[in-house]
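Spelled out from the first residue to the last, the chains are:
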Amino acid sequence: MVSFILRRLGIMVLTALCLTFIVFWLTNLFPNLEKLAKTQGNFRMSDEAVLTYLGNNGYLQPLPVKYGQWLGVLPGYVIAGTDGEMRARCATGGQDIADAARFCGILQGNWGYSTVFRDDAGSIIATRLGLTGKLMFWVMLLMVPGALIIGVMAGMNEGSRTDRSLSTVSILSTATPEYVSGVVFIAVFGTATFGMQWFKGTATAAMDDANFENFFLPVLTIALYGMGYIARMTRASMTEVMTAQYIRTARLKGVAFSQIVLRHALRNALIAPFTVIMLQFPFLLNGVVIVETLFNYKGFGWTLVQAASNNDIELLLGVSIVSVFVVLTTQLISDIGYVFLNPRIRIA
Amino acid sequence: MDPLTWTGGLGAFLNPALAITAALGGIVLVVQTGLRMGSAAVTLQSNPDGTLQGRGGVLGALDTALIYLVWALVALLLAYIVVPLVMPYGSAGILGEITRRLLPVWIALVATFALSIRFKRRLGLYGKLFDSTVGMIGFALVMFWVYVAAFVGVFDMIVTHDYLRQVSGLKNALPGVMVPDGTQGVIPHYLLGGDNLARDIFSRVMAGSVFVIAIAPLATIFAFMVGITLGLPAGYYGGKFDTALSFAANLILAFPVILLFYLLVTPEIVQTGIPSYMAAFLFAFPLIFIGVLINTRYYTQPAKRNAIILPVLGILGWLYLSAINASGTVIDFLPAWADLFDISVLVVFVSVVFVNAPTVFRIVRGLTLDLRTRDYVAAAQTRGEGAWYIMLWEILPNARGPLIVDFCLRIGYTTILLGTLGFFGLGLSSESPDWGTTINEGRKLLLIYIHPALPPAMALLSLVLGLNLLADGLREESLKD
């Protein structure tokens, strides 16, 4: 088990390095750097001025070197600028170059500086992640029990009318992307057109003071898209368990149907959905980006959009690290959890 | 002429009828569900004389009543579509005019269903689809949009106004509004109102279907070609090749899709030419796939093989070169006369293929891992068939069931991805009538005007729902053999 986890951790670190390198490479392509120089300086900069700016700020070093510096395994650059000023990667905010640390990358906890928000990228990500965490907590609280109940109810009597109607509902919910359901929910429940203005159409106020009125629609919108998928997986696993021999034995013994479902079937039926729920995180991340944009909830997804559309390199890198980390960790937990939950799988 | 109401003269009779039927149906359903809670589940009873009997008593009566009510509901809904066709212009309201505009689609749909159901026993898996209600509903929804796209894109029928034309005074105008004199298109009304730039929403939604129907299946086919061409050998050979490819696939899958889109689909990246190189790489796979497919089949008859493979690869190669070659990008070497077409949304197309291919790869690899241990594979190996022959002509046909189902689902997912791109304004011009862009335009004023955003949202929902139902129906029917 330990060696399995270690091997998975190794692959995870390798994946994370590859992914961040790809993001680093894509954000550091020359046209992107040129755009960055022009937004930092002015839009009518000459090509020479752009090159000077980039050279002075260490952007023209070879890509692996820049990546190493950003990661914190290579010492940060110290460059004598063409204007005679010394600039060092690690000396920010008027710090003396001699006092500055040699290494300053992600590993040292230095997430860089956001050019859009004019703030430390690490602290921005921490705050925004907190807001999104709040959103995700409620999404999970709504989505997981909802999906499991729908899936179990549909799966315990395969082919019944309950099964058919619940399956249709789950297909409908998987077929509705967030930007469709969000728009429909806002139109129906956020405006007075249909006489059902029960909720707020924006969630900006929910960042400080979340309540049912301003937070329910975004939570529901994200939860609904994932719910159908998990419910279908639960249903499939439940129908499979319900045809198993030990369920038949229990029925022949005369155990009540509700007891069979709750005591015998449920535990075994919930192994597969656990993996699915964990693997839903990458998709939930998409949902978060769309819903936060739609409801103007300034969390992690909103930050991603801002960073990406304004080519805020360091913030974007930070955001991608966090999202890649979330995705890979959930994959790891899903694998380990599966082994723990399913006694039929043994890993030496 | 006056602005149109929703249902016009037709509604005076049909609306109350629909409301009453729906209410009755709802009451019966609730009562019946309540009654069933207490009683045992009985479906059919066999009588001593050998006949079968349905459920009797109150529950049975309610069952029958519910079936009749559902049919009445369907008939009423059909009336909304059929009756306006024989009414004069404007008297059947907005809905009536919409169904009248869609007349060619209805005819094509009815013809498709009539022919398919008539000959369903001879049509293989496609025919079996017509045994499942869910599958038929899904197929109808999908074909509806396919026909709309065909009639709009090829014959320029259905749309009522130029979808780019702005008519002053109709900014955010409500559905059914009159168009000022001199600016009217085919009809003098904006059926679904005007959008933020005073363009006809109905025409935009209908024109948007062309984009989705043209791109989504094609991108999915390309993703499948890439996934199959790499997934078969990965599963068949295993080993280091498999490890490397699986790692790469997992790498792409671990990327949040939206981040990937934001990184790939920006003007700056297009300037560097990365999408063009990716297109050159990804579009090569269909060529390889088809080339290997033909070669393995006719390997033993070189003359016949050459006669088939050379023209096919010649045409495909030309198409490939025209597809990746676009003036003003890094790949621009073909003379203008040889460049058949430019794909204006190349970057969108490439990124959608790129995102979908790893998932297909994983599915194909998994299926191959399972199928390669079968006896018919061993038999082919004993006969001395080549590895690619076994993969393409022994394993792939036997993996078709899950692949066809996934294909339908994946077109739906691609539609969602295209909508996402439009929603974030990535890679598509803001004038583009595709549904994602239109939803994005409409959502900005959603709290004031809801009518510009809802029609494209509903259109996208119905297409994706149709594809999901179709996949479900196909899965059910293919499991029955």
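Residues numbered from 1 in each chain as written. Chains lettered and ligands numbered in written order. Predicted model: local features only at pLDDT ≥ 70, side-chain atom pairs only at ≥ 80, totals over all residues. Heavy atoms only, no water.

**Q** So what about the overall build of chain A? Which residues, and what values?
**A** Within chain A, the secondary structure is distributed over 14 helices and four strands. Taken over the C-alpha trace, chain A has a radius of gyration of 26 Å; the compact-globule value for 348 residues is 20 Å, which it surpasses by more than 25%. The proportion of buried residues among the 348 residues of chain A is 51%. For chain A, restricting intrachain contacts to residue pairs at least 6 apart in sequence, the fraction spanning at least 24 positions comes to 66%. Counting every atom, chain A has about 16,200 Å² of accessible surface; 64% of that belongs to carbon and sulfur. Side chains of chain A give 25 positive and 20 negative charges; the mean places of these two sets differ by 17 Å. (Helix = DSSP H or I, 4+ residues; strand = E, 2+ residues; numbered from the N terminus. Rg over C-alpha atoms; globule rule 2.2 N^0.38 Å. Buried < 20%, exposed > 50% of the residue type's maximum accessible area, 1.4 Å probe, protein only. Contact = heavy atoms within 4.5 Å. Areas by Shrake-Rupley, 256 points an atom, 1.4 Å probe, with all protein chains shown as cover. Lys, Arg positive; Asp, Glu negative; His and termini not counted. Charge placed at Lys NZ, Arg CZ, Asp CG, Glu CD.)

**Q** Could you give an account of the interface of chain B and chain A, with specific residues and numbers?
**A** Contacts between the two partners involve 45 residues from chain B and, on the opposite side, 52 residues from chain A. With both sides pooled, the region where chain B packs onto chain A buries about 4,200 Å², and carbon together with sulfur makes up 78% of that total. Counting across the chain B and chain A interface gives two salt bridges. Taking the shortest distance from any N to any O, the salt bridge between D472 of chain B and R232 of chain A comes out at 2.8 Å. The tally of links from chain B across to chain A stands at four residue pairs in polar contact (both at pLDDT 80 or more). Elements supplying a minimum of two residues to the side of chain B that touches chain A: α1 (8–38), α2 (57–82), α8 (239–254), α9 (257–264), α10 (267–272), α17 (400–423), α18 (435–443) and α19 (454–480) of chain B. Here the side of chain B that touches chain A gets 12 residues from one element, more than from any other, and that element is α19 of chain B. Here the side of chain B that touches chain A is built from residues that sort into 31 nonpolar, seven polar and seven charged. (Buried area = accessible area lost by both parts, 1.4 Å probe. Salt bridge = Lys/Arg side-chain N within 4 Å of Asp/Glu carboxyl O. Polar contact = N/O pair within 3.5 Å; in protein donor to acceptor, adjacent residues only side chain to side chain. Nonpolar A, V, L, I, M, F, W, Y, C, P; charged D, E, K, R; others polar.)

**Q** Can you tell me about empty space enclosed by the protein, naming the residues and giving the values?
**A** The final tally for this structure, using the stated rule, is five cavities of 30 Å³ or more. In this model, the largest cavity occupies a volume close to 130 Å³. Where the lining of the largest cavity is concerned, the elements lending two or more residues are α7 (178–190) and α12 (281–294) of chain A together with α9 and α17 of chain B. Looking at the lining of the largest cavity element by element, the count peaks at four residues for α17 of chain B. Looking at side-chain class alone, the lining of the largest cavity contains 11 nonpolar, two polar and one charged residues. For the second largest cavity, the full set of lining residues is L26, T27, N32, K35, A308, N311 and L316 of chain A together with Y262, L263, T266, E268 and I269 of chain B. Taken together, the elements giving at least two residues each to the lining of the second largest cavity come down to α1 (2–27) and α2 (30–40) of chain A together with α9 and α10 of chain B. Residues that form the lining of the second largest cavity fall into these classes: six nonpolar, four polar and two charged. (1 Å grid on protein atoms, 1.4 Å probe; cavity = no way out; pocket = protein on both sides within 12 Å on 5 of 7 lines; lining within 4 Å. Points joined across faces, edges and corners; volume = space filled by probe spheres on them.)

**Q** Explain the side chain of T191 of chain A to me, and be specific about the residues and the numbers.
**A** Take T191 of chain A: it is sitting in the loop between α7 and α8 (212–242). A distance of 2.6 Å separates a polar side-chain atom of T191 of chain A from the backbone oxygen of A187 of chain A. Discounting chain neighbours no more than four positions away, the residues touching T191 of chain A are I186, M196 and Q197 of chain A together with L446, L447 and I450 of chain B.

**Q** Residues and numbers for the confidence of the model for chain B, please.
**A** Residues at a pLDDT of 70 or more form 96% of chain B, whose mean pLDDT is 86. Predicted complex metrics record ipTM = 0.88 and pTM = 0.90. (pLDDT = per-residue confidence, 0-100.)

**Q** I'd love a proper account of the confidence of the model for chain A, names of residues and values included.
**A** When pLDDT is averaged across chain A, the result is 84; 97% of the residues are at 70 or more. Across chain A, the secondary-structure element scoring lowest on mean pLDDT is strand β2 (residues 86–88) of chain A, at 74, and the one scoring highest is helix α9 (residues 245–253) of chain A, at 91.

**Q** Give me the packing of α1 of chain A against helix α4 (residues 63–71) of chain A: which residues, what numbers.
**A** All names here are of chain A. Contact pair α1 / α4: the axes reach a minimum separation of 11 Å and the direction vectors enclose 120 degrees. Put simply, α1 runs oblique to α4. Between α1 and α4 lies a crossing of right-handed hand. Contacts from L17, T20, F21, F24 and W25 of α1 reach α4 at L63, K66, Y67, W70 and L71. (Axes fitted to C-alpha atoms, helices over the stretch in contact; angles between N-to-C directions. Parallel < 35°, antiparallel > 145°, perpendicular 65-115°, else oblique. Left-handed = near helix turned anticlockwise from the far one by under 90°.)

**Q** Break down the packing of α9 of chain A against helix α10 (residues 257–269) of chain A for me, with residues and values.
**A** All names here are of chain A. Running from amino to carboxyl end, α9 crosses α10 at an angle of 160 degrees, the nearest separation of the two axes being 10 Å. When the axis of α9 is compared with that of α10, the two are roughly antiparallel. Crossing hand, α9 versus α10: right-handed. Only F257, I260, H264, A265 and N268 of α10 make contact with α9, whose side of the interface consists of Y246, I247, A250 and R251.

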